[in-house]
Amino acid sequence: QHGCFSRHCFSAMGPRSLAMLRATAQGRAEISLSCEPDLFVDGLPCCDQFTARQLSHGGLVQPARLGLTGQRVPARLTSAGRSVLEDNDHGFGCAS
């Protein structure tokens, strides 16, 4: 479904990934429109663009609106991204 970022196996996600998801949920993130999107939080580029791209390609974060290639637009969580945060907040995860 969403690879290592599926709801049933989010334990592979570290604190940085979860922080990026929380910032997105709080409306503080922007994403560049490209095949390898970059994530920006509070106007600054994330220090770990590899993880930002994993979140995007994994279906947890997506652009909130359409735009031109290369443009920065608000980012939003997908339903899968919200599920990961909800599960994390409730202390659930996979055993292995």
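Coordinates for the structure precede this section.
Keep in mind it's a predicted model, so treat the numbers as computed, not measured. (Residues numbered from 1 in each chain as written. Predicted model: local features only at pLDDT ≥ 70, side-chain atom pairs only at ≥ 80, totals over all residues. Heavy atoms only, no water.)

Engineer: Any chance you could break down the pattern of salt bridges for me, citing the residues and the numbers?
Structural biologist: In this structure the tally under the stated criterion is four salt bridges. With a shortest N-O distance of 2.8 Å, D42 and R28 are connected by a salt bridge. With a gap of 14 residues between them, D42 in the loop between β2 (39-41) and β3 (44-45) and R28 in the loop between α1 (15-25) and β1 (29-32) connect regions that are remote in the sequence. Residue D42 is classed as exposed on the basis of its relative accessible area of 52%. Among the ionic pairs, R53 bridges to D38, the shortest N-O distance being 2.5 Å. One end of the pair, R53, is in helix α2 (residues 49-57); the other, D38, is in the loop between β1 and β2, and 15 residues separate them in sequence. R53 sits in the partly exposed class, given a relative accessible area of 25%. Taking relative accessible area as the criterion, D38 reaches 22% and is therefore assigned partly exposed. (Salt bridge = Lys/Arg side-chain N within 4 Å of Asp/Glu carboxyl O. Helix = DSSP H or I, 4+ residues; strand = E, 2+ residues; numbered from the N terminus. Buried < 20%, exposed > 50% of the residue type's maximum accessible area, 1.4 Å probe, protein only.)

Engineer: Give a description of α2 that names residues and reports values.
Structural biologist: Note on helix geometry: an α-helix contains 3.6 residues per turn, so any two residues three or four positions apart are oriented the same way. Residues Q49, T51, A52, L55 and S56 constitute the buried set of α2. Seen from one end, α2 has its buried residues packed into an arc of 160 degrees, which puts them on one side. For α2, exposure combined with an orientation more than 90 degrees from the buried face picks out F50 and H57. Lining the buried residues of α2 we find α1, β1, β2, β3 and β4 (61-63). Positive backbone phi, approximately 80 degrees, marks G59, located one or two places after α2. (Arc of directions from axis to C-beta. Contact = heavy atoms within 4.5 Å.)

Engineer: Explain the environment of A75 residue by residue, including any values.
Structural biologist: In this fold, A75 is placed in strand β5 (residues 72-77). A relative accessible area of 8% means that A75 is categorised as buried. Between the alpha carbons of A75 and I31 there is a distance of 5.4 Å; along the sequence they are 44 residues apart. Not counting residues up to four positions away in its chain, the partners in contact with A75 are T24, A29, E30, I31, L39, V61, Q62 and A64.

Engineer: Lay out the sheet that holds β3 with the relevant residues and their values.
Structural biologist: The strand order across the open sheet formed by five strands is β3-β2-β1-β5-β4, and the pairing between neighbours is antiparallel. Whereas interior strands pair on both sides, the edge strands pair on one side only; in this sheet they are β3 and β4. Here β4 pairs with β5 via three bridges, running antiparallel. What sits directly across from V61, in β5, is L77. (Pairing = 2+ DSSP bridges.)

Engineer: Tell me about α1, residues and numbers included.
Structural biologist: Inspection of α1 places S17, L18, M20, L21, A23 and T24 among the buried residues, and these make up the whole buried set. Summarising the contacts, the buried residues of α1 are in contact with β1, β2, α2, β4, β5 and α3 (79-89). Two residues or fewer past α1, G27 is found with a positive phi of approximately 80 degrees.

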